[in-house]
Amino acid sequence: YYAVVLRLLAVGTREREKFVNALQARGIPSDIVKYQIKPLYMHPLFSRWKRKCPNAERLLSSITTIPCHPGLSEIELDYIANVVAEERHVLARAG
């Protein structure tokens, strides 16, 4: 399983969540949401070495993933690309 990371420039966490939710509503999952991705220092295993890293937090609040792997058909890839483009335009108009 592969995923492409999309960085949503100049958007905040709220806008990213709207974008990700819109993709999920149309059947396109995000590993960022599915696995509740967060900086390593926020995991209990690494709490002993915890240091604030605003850059990691800012980066993670501005990215999402979309599926991209050999198991997807050309029709599915076209669908994903079209939905991402449509929702990106919706996000741009709202901002």
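This is a predicted model, so every value here is computed, not measured.

Caption draft 1: Spotlight on a nonpolar patch on the surface. Together, Leu40, Leu45, Phe46 and Trp49 make up a nonpolar patch on the protein surface, roughly 460 Å² of accessible area in all. By the secondary structure assignment, Trp49 is in the loop between α2 (31-34) and α3 (54-60).

Caption draft 2: The packing of helix α1 (residues 13-25) against helix α4 (residues 74-94), seen in detail. Running from N to C, α1 and α4 point in directions that differ by 145°, and their axes come no closer than 10 Å. Like other packed secondary-structure pairs, α1 and α4 cross with a definite hand, here right-handed. Of the residues in α4, those in contact with Glu15, Phe19, Ala22 and Leu23 of α1 are Val83, Val84, Glu87, Arg88 and Leu91. A breakdown of the residues in the contact of α1 with α4 according to their chemical character gives 6 nonpolar, no polar and 3 charged.

What counts, and at which threshold
- Residues numbered from 1 in each chain as written.
- Predicted model: local features only at pLDDT ≥ 70, side-chain atom pairs only at ≥ 80, totals over all residues.
- Heavy atoms only, no water.
- Patch = residues over 30% accessible without salt bridge, like charges linked within 9 Å, V, L, I, M, F, W, Y side chains within 5 Å.
- Areas by Shrake-Rupley, 256 points an atom, 1.4 Å probe, with all protein chains shown as cover.
- Salt bridge = Lys/Arg side-chain N within 4 Å of Asp/Glu carboxyl O.
- Helix = DSSP H or I, 4+ residues; strand = E, 2+ residues; numbered from the N terminus.
- Axes fitted to C-alpha atoms, helices over the stretch in contact; angles between N-to-C directions.
- Left-handed = near helix turned anticlockwise from the far one by under 90°.
- Contact = heavy atoms within 4.5 Å.
- Nonpolar A, V, L, I, M, F, W, Y, C, P; charged D, E, K, R; others polar.

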